[in-house]
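The chain contents come next:
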Amino acid sequence: MALTFDLFGTLVDIDYPIDPAEAVARELESRGVQVPDDWHVAYGEVHIDAPEGAEVPLPAHVAAALDSREVDVSDNAARHAVVAAFDPDVTRRDGALEAIRAAADRGPVGLLSNCSVPELVPRTLIRSGLRGEFDAVTTSIGCGWRKPDPRAFEAAAAALDSAVDDLTHVGDDPAIDGGIESAGGRFIDVTETSLTELPTRLEARR
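Below, the structure is looked at part by part. (Residues numbered from 1 in each chain as written. Predicted model: local features only at pLDDT ≥ 70, side-chain atom pairs only at ≥ 80, totals over all residues. Heavy atoms only, no water.)

**Observations regarding the environment of Leu198**
Within the element layout of this structure, Leu198 appears in helix H9 (residues 198-204). Residue class for Leu198 comes out buried when judged on its relative accessible area of 0%. If sequence neighbours within four positions are ignored, Leu198 has contacts with Phe5, Ala99, Val170, Ile188 and Thr193. (Helix = DSSP H or I, 4+ residues; strand = E, 2+ residues; numbered from the N terminus. Buried < 20%, exposed > 50% of the residue type's maximum accessible area, 1.4 Å probe, protein only. Contact = heavy atoms within 4.5 Å.)

**Quick word on the packing of aromatic side chains**
Tallied over the entire structure, the rule returns two aromatic pairs. An angle of 65° between the planes, with centres 5.6 Å apart, marks the rings of Trp39 and Tyr43 as edge-to-face. In this pair, Trp39 and Tyr43 both sit in helix H2 (residues 39-44), four residues apart, roughly one turn of the helix. You can call Trp39 buried: its relative accessible area is 2%. (Phe/Tyr/Trp six-rings, centres within 6.5 Å; stacked < 30°, edge-to-face > 60°.)

**Some thoughts on the packing of helix H1 (residues 20-30) against helix H4 (residues 75-85)**
Where H1 contacts H4, the two axes come as close as 8 Å, and the packing angle between them is 130°. The angle between H1 and H4 places the two elements in the oblique class. H1 and H4 meet at a crossing whose hand is right-handed. Contact residues: Ala23, Val24, Glu27 and Leu28 in H1; Ala77, Ala81, Ala84 and Ala85 in H4. Across the contact of H1 with H4, the residue classes break down as seven nonpolar, no polar and one charged. (Axes fitted to C-alpha atoms, helices over the stretch in contact; angles between N-to-C directions. Parallel < 35°, antiparallel > 145°, perpendicular 65-115°, else oblique. Left-handed = near helix turned anticlockwise from the far one by under 90°. Nonpolar A, V, L, I, M, F, W, Y, C, P; charged D, E, K, R; others polar.)

Listed below in structure tokens is the structure:
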């Protein structure tokens, strides 16, 4: 049986920018981009008509927000600004590594993370000491779909050569991570079963 973990809020805590729009604006300005006066309004608007459940990469959103105010920016500048704005300190949660390895003892184990920021997931895994612990890493920016859309869980299952109805997903948000149940799999809520308790629960299910 395959198992996937959510990343942010489940395995690690990170210090998100208090004001993401402002953080992105500072990085754009440092790269010579003229940020419009109503940037916070533009940042909060929808500029890309994506299908329901689809992920919109944040650099694409930023570039489209600037374009809506007639500000030209290269894709490269938008990407670098976003990556720099989301460069967090990372804290690995107690029991995270042990839970991952306990899961790996019973089958393929993967990561499934909603993340619209390029490079953030691999950087977080390096800083938390979790790089190399997963058989597959699936992100919404990579597969194109955000949890709880079933296609996100299907992509994660496929990456582990598993069927989605054989997948258990561990996360901290029933409304998002719990979407695995609608896809046919099982959900373990770490707010009810902590990471330190998870190895015992998995052993009981053998």
